[in-house]
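Okay, here's what each chain looks like letter by letter:
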Amino acid sequence: MNDTLDGAARPREEKSEIIYGKNPVTELLKSGAGTDTVLLSDGLAPAMASYYTALAKQVGAVVKRVNSAKLRMLTGTENHQGVAAFASQIAYATVEDLLEAAKTRGEPPFLVLADGIEDPHNLGAVIRSALLCGAHGVIIPKRGGAAVTPTVMKASAGAAERLPVARVANIAETVRRLKEAGVFVYCADMDGTPLKQTNLTGPIALVLGSEGSGVSQLVKKRCDGAVRLEMAAHGTGVDSFNVSVAAGIILYEILAQRG
């Protein structure tokens, strides 16, 4: 199967284990496996701390500074080397699984793609809204965004255990593949067509961008169209909705139109 549509079974059970030591934690973060929290000793050299902080950001993990005694207690050893991480052991669906779920329910596909959402609380809220609005699954990137971690599970209020989540190597390539499968792909963008003027029925996927820069240019170019939310508070310096709030509004409109 193409690498961009890979994965395992949908997430059902989750547990965490602690990984410690510089090399094991580095390999964990570079592997793209689910990582909720990276713990760094207060005594870790600034350059090393910056290195692990950058790696953690790429996979959506939270970084916490703790003292060596705390690390020793958590790892059960003095040989933690000032670095530890909690690795989430969850399984993911494939994109094909999400499309099959729609087919089984006799419905046109309805998918949500997260293009670099880094805050696990935002991702959890998006998954929660996706479930409640009838989506067949959520697609997240292996790198450059939050994974389905314990924090995401909690923020989703359990929705991440009920809604299939696929993890892919390349969101732009996944958009292309979805379009080949007959799915019309929209992204949320400030320059898009007003939401109420957009036909959101039929096979559809919605791409939501990162908190800071929105949907990436390559992904935006691959999409069939873009939608935007009208706002009343012009000239206030507040120029956009939080991504999870925007997701809730747009997904509810899709639900209403699919009726």
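As the structure is a prediction and not an experimental result, all values here were calculated from the model.

## Examining a nonpolar patch on the surface
- On the surface, F241, V245 and I249 cluster together to form a nonpolar patch covering roughly 230 Å² of accessible area.
- Here F241 falls in the partly exposed class, since its relative accessible area comes to 34%.

## Looking at the packing of helix α1 (residues 22–31) against helix α2 (residues 46–58)
- Between α1 and α2, the shortest axis-to-axis distance is 9 Å and the interhelical angle comes to 30°. It follows from the interaxial angle that α1 and α2 lie roughly parallel. When you trace α1 past α2, the crossing you get is left-handed. Contacts between α1 and α2 involve K22, N23, V25, T26, L29 and K30 from the former and M48, Y51, Y52, L55 and A56 from the latter.
- Across the contact of α1 with α2, the residue classes break down as seven nonpolar, two polar and two charged.

## Description of the pattern of salt bridges
- Here the structure, examined in full by the defined rule, presents eight salt bridges.
- The salt bridge partner of K179 is D224, with a shortest N-O separation of 3.7 Å. Of this pair, K179 sits in helix α8 (residues 171–180) while D224 sits in the loop between α9 (217–222) and β10 (225–228); the two residues are 45 residues apart in sequence, bridging distant segments of the chain.
- Of the residues examined, K179 reaches a relative accessible area of 33% and is grouped as partly exposed.
- A relative accessible area of 34% means that D224 is categorised as partly exposed.
- Via salt bridges that share partners, E173, R176 and E180 belong to a single interconnected network.

## Quick word on the side chain of T198
- Topologically, T198 is positioned in the loop between β8 (184–194) and β9 (204–209).
- A distance of 3.1 Å separates a polar atom in the side chain of T198 from the backbone oxygen of P194.

## Digging into the sheet that holds β8
- Strand order across the open sheet formed by six strands is β7-β6-β5-β9-β8-β10, with parallel pairing between neighbours. The sheet is open, and its two edges are formed by β7 (165–168) and β10, each paired on a single side. Across the sheet, the mean angle separating the axes of adjacent strands is 30° when strand polarity is ignored.

## Comments concerning the confidence of the model for the protein chain
- Taken residue by residue, the protein chain gives an average pLDDT of 87. The fraction at 70 or more is 89%.
- The weakest mean pLDDT in the protein chain belongs to strand β1 (residues 16–20) at 80; the strongest belongs to strand β5 (residues 110–115) at 98.
- In this model, residues 1–15 is a region of pLDDT below 50 whose contacts with residues beyond four sequence positions or in other chains number 60 contacts.

## Structural notes on the environment of V138
- Positionally, V138 belongs in strand β6 (residues 137–141).
- Its relative accessible area of 0% is what places V138 among the buried residues.
- Separated by 12 residues in the primary sequence, V138 and V126 have C-alpha atoms spaced 8.8 Å apart.
- Leave out the neighbours within four places in its chain, and V138 touches L98, V112, I127, A130, L163, P164, V165 and A166.

## A word on the packing of aromatic side chains
- Per the stated rule, a full pass over the model turns up two aromatic pairs.
- Plain terms: the ring middles of Y51 and Y52 are 5.2 Å apart, the flat faces sit at 75° to each other, and that makes the pair edge-to-face.
- Y52 sits in the buried class, given a relative accessible area of 1%.
- Ring geometry for F184 against Y186: centres 4.9 Å apart, planes inclined by 50°, an arrangement best described as tilted.
- The exposure class of Y186 is buried, given its relative accessible area of 11%.

## Here we look at the nonpolar core
- Formed by 36 residues in total, the largest nonpolar core has its most connected members in I127 and L251.
- At six residues, helix α10 (residues 243–258) tops the list of elements feeding residues into this core.
- Counting 21 residues, the second-largest nonpolar core is a separate cluster that includes L113, V185, C187 and C223.

## Considerations on the environment of A146
- Note that A146 resides in the loop between β6 and α6 (150–155).
- A relative accessible area of 1% means that A146 is categorised as buried.
- Excluding residues within four positions of it along the chain, A146 makes contact with V59, G60, I117, E118, D119, P120, L123 and I140.

The rules behind each value
- Counting restarts for each chain: residues are numbered from 1 in the order of the written sequence.
- In keeping with the predicted nature of the model, local features appear solely for residues at pLDDT of at least 70, side-chain atom pairs appear and are counted solely at 80 or more, and the whole-chain, interface and lining totals rest on all residues.
- The side-chain values count all of the structure's non-hydrogen atoms but skip hydrogen atoms and water molecules.
- A patch consists of residues exposed above 30% relative accessible area that lack any salt bridge, with like charges linked at up to 9 Å and nonpolar side chains (Val, Leu, Ile, Met, Phe, Trp, Tyr) linked at up to 5 Å.
- We get accessible surface area from the Shrake-Rupley algorithm with a probe of 1.4 Å; when it comes to residues, only the shown protein chains can shield them.
- When a carboxyl oxygen of Asp or Glu is within 4 Å of a side-chain nitrogen of Lys or Arg, the pair counts as a salt bridge.
- Three labels apply to residues, based on accessible area from a 1.4 Å probe with only protein chains included: buried if under 20% of the type maximum, exposed if over 50%, partly exposed otherwise in between.
- Between N-to-C directions, angles cover 0 to 180 degrees, with each direction set by a line fitted to C-alpha atoms, over the stretch in contact for helices.
- Counting from the N terminus, the helices are the DSSP runs of H or I reaching at least four residues and the strands are the DSSP runs of E reaching at least two.
- Put simply, angles under 35 degrees are roughly parallel, angles over 145 are roughly antiparallel, angles from 65 to 115 are roughly perpendicular, and the rest are oblique.
- Should the near helix be turned anticlockwise from the far one by less than a right angle, the crossing is termed left-handed; should it be turned clockwise, right-handed.
- The contact definition used throughout considers only heavy atoms, calling two residues in contact when any of these lie within 4.5 Å.
- Residues are grouped as follows: Ala, Val, Leu, Ile, Met, Phe, Trp, Tyr, Cys and Pro are nonpolar; Asp, Glu, Lys and Arg are charged; all remaining types, including Gly, are polar.
- Polar contact is the term for a pair of N or O atoms within 3.5 Å; when the atoms are in protein, one must be able to donate a hydrogen and the other to accept it, and sequence-neighboring residues count only if both atoms are side-chain atoms.
- DSSP calls a pair of strands paired once it identifies at least 2 bridges connecting them.
- Per residue, pLDDT measures the predictor's confidence, with a range of 0 to 100.
- Classification of ring pairs uses Phe, Tyr and Trp, with its six-membered ring standing for Trp, and accepts pairs whose centres are within 6.5 Å; under 30 degrees between planes counts as stacked, over 60 as edge-to-face, and the remaining range as tilted.
- Among buried residues, the Ala, Val, Leu, Ile, Met, Phe, Trp, Tyr and Cys ones that are joined through side-chain atoms within 4.5 Å form a nonpolar core.

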